[in-house]
Amino acid sequence: MAKIIHESARKMTQLCRRIVHVKIKWSVLERMSVFRQFFRFIWDRILACSVGRPGRYRRLSRRNSCPSMEAMELGLEPHDLAFSGYGSDSDSDLVALKISILGDCQIGKTSFVIKYVGDEQEKRRLETQGLNLMDKTLCVQGARIAFRIWDVGGDPKSLDQVPIACKDAVAILFMFDLTSRCTLNRYYFNVLGWYSQARKWNQTAMPILIGTKFDDFVQLPPDLQWTIITEARAYARAMKATLFFSSATHNINVNKIFKFIMAKLFNLPWTVQRNLTLGEPIIDF
């Protein structure tokens, strides 16, 4: 009997030792996991601050949303994408997107931007020599999409602003006046000239070619309209850009262009329809 009790006690002691060993092992693993998460967090912050390192997109947790018309039309889910890296601030739900606008003087670039950002935002715009900066922030399912729009003046002196305006931009809008063919295809400096200047400083930004003043364009003779459409489509193909005809006066395709940018950047289930019908605002890609 004593032998049986002694053997049971020995086995219980061995079992207790194994349990203690397992607990110690799990404790060590948990501490290692904490240290691993800490060092991964530090490494991510270092990468985010490194020059030339692209940011990362991540999913946001579910939270109370403040849906906007853009969100509903883009078909976003209750959770959205946030951008950490370039342009982000201390708020984890901010998606900062830099958009550059290039083109000649007097073609409607600033009117186009004001139509999008609104009069109140336009009053708070920052103006420097040859450069206008305007912001618009959208609240999309718990995430804030912050557009910082850099509008470069179209005179020769403004070429000095192209590098700073184009660097780190996610999209570059190249604009021309639909009623003035020289803003599209003049010999010495045209849309392709602006394009080549921009690509010196940014090789990855999404290019979009935009014809302005569509409301005046439709008053032109049909044969002239078709000539301009053909030329614009050829330039868009050369630039590998999507082509939009727009009007700031009547808000034609203004909001749609920025929705298109968001949908492309975040792979959202919203698309534009191609339209090559004469007399209607062209969309080609």
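What counts, and where the lines are drawn
- Residues numbered from 1 in each chain as written.
- Predicted model: local features only at pLDDT ≥ 70, side-chain atom pairs only at ≥ 80, totals over all residues.
- Heavy atoms only, no water.
- Buried < 20%, exposed > 50% of the residue type's maximum accessible area, 1.4 Å probe, protein only.
- Helix = DSSP H or I, 4+ residues; strand = E, 2+ residues; numbered from the N terminus.
- Pairing = 2+ DSSP bridges.
- Polar contact = N/O pair within 3.5 Å; in protein donor to acceptor, adjacent residues only side chain to side chain.
- Contact = heavy atoms within 4.5 Å.
- Axes fitted to C-alpha atoms, helices over the stretch in contact; angles between N-to-C directions.
- Parallel < 35°, antiparallel > 145°, perpendicular 65-115°, else oblique.
- Left-handed = near helix turned anticlockwise from the far one by under 90°.
- Nonpolar A, V, L, I, M, F, W, Y, C, P; charged D, E, K, R; others polar.
- pLDDT = per-residue confidence, 0-100.
- Core = buried A, V, L, I, M, F, W, Y, C linked by side-chain atoms within 4.5 Å.

The name recorded for the protein chain in an unreviewed UniProt entry is Septum-promoting GTP-binding protein 1, from Rhododendron griersonianum.

A.B. asks: Could you clarify how one ought to interpret the pairing of strand S7 (residues 171-177) in this entry?
C.D. replies: Judged by how many residues are buried, S7 sits mostly within the fold: seven of seven residues are covered. In S7, alternate side chains face the same way, and those of Ala171, Leu173, Met175 and Asp177 on one face and Ile172, Phe174 and Phe176 on the other are all buried. Where strand S3 (residues 94-103) and S7 come together, five bridges link them in parallel fashion. Counterpart to leucine 102 in the pairing with S7 is phenylalanine 174. Note that S7 and strand S8 (residues 206-212) share seven bridges and pair parallel. Paired with phenylalanine 176 across the strands is glycine 211, a residue of S8.

A.B. asks: Help me understand the side chain of threonine 212, please; the structure alone is not making it clear to me.
C.D. replies: By the secondary structure assignment, threonine 212 is in strand S8. A polar side-chain atom of threonine 212 sits 2.5 Å from the main-chain carbonyl oxygen of isoleucine 107. The residues contacting threonine 212, other than those within four sequence positions of it, are Ile107, Met175, Phe176, Asp177, Leu178 and Ser246.

A.B. asks: Help me out: how do you make sense of the packing of helix H7 (residues 191-199) against helix H9 (residues 222-239) in this one?
C.D. replies: The description of two helices packed together rests on the angle between their axes and the distance between the axes. Where H7 meets H9, the axes come as close as 11 Å, and the angle between the chain directions of the two elements is 15°. On the basis of the axis angle, H7 is roughly parallel to H9. Where H7 crosses over H9, the handedness of that crossing is right-handed. From H7, Val191, Leu192 and Tyr195 reach across to H9, where they touch Tyr235, Ala238 and Met239. Partitioning the contact of H7 with H9 into residue classes produces six nonpolar, no polar and no charged.

A.B. asks: Is there a simple way to explain the confidence of the model for the protein chain in this structure?
C.D. replies: Interpreting fine coordinate detail is not advised for predicted regions of low pLDDT. Across the protein chain, pLDDT averages 75, with 62% of residues at or above 70. Per-residue pLDDT stays below 50 along residues 41-69; that stretch engages in 41 contacts with residues further than four places along the chain or on separate chains. Across residues 75-90, confidence stays below pLDDT 50; counting only partners more than four residues off in sequence or on other chains, it has 48 contacts.

A.B. asks: What exactly am I supposed to notice about the nonpolar core here?
C.D. replies: Proteins that are soluble and globular tend to have nonpolar side chains buried together. Counting residues in hydrophobic clusters, the biggest one holds 34 residues, and the most contacted among them are Phe112, Phe147 and Leu173. Of all the secondary structure elements, the ones that give two or more residues to this core are S3, helix H3 (109-117), strand S5 (131-140), strand S6 (143-152), S7, S8 and helix H10 (254-266). In terms of residues, this core owes the most to one element, H10, which gives eight residues. Apart from the residues lying within four places of it in its own chain, the contact partners of leucine 173 are Ile99, Ser100, Ile101, Leu102, Phe112, Ile208, Ile210, Phe258 and Ile261. Listed in part, the 33 residues of the second largest apolar core include Leu131, Val162, Ala165 and Met239.

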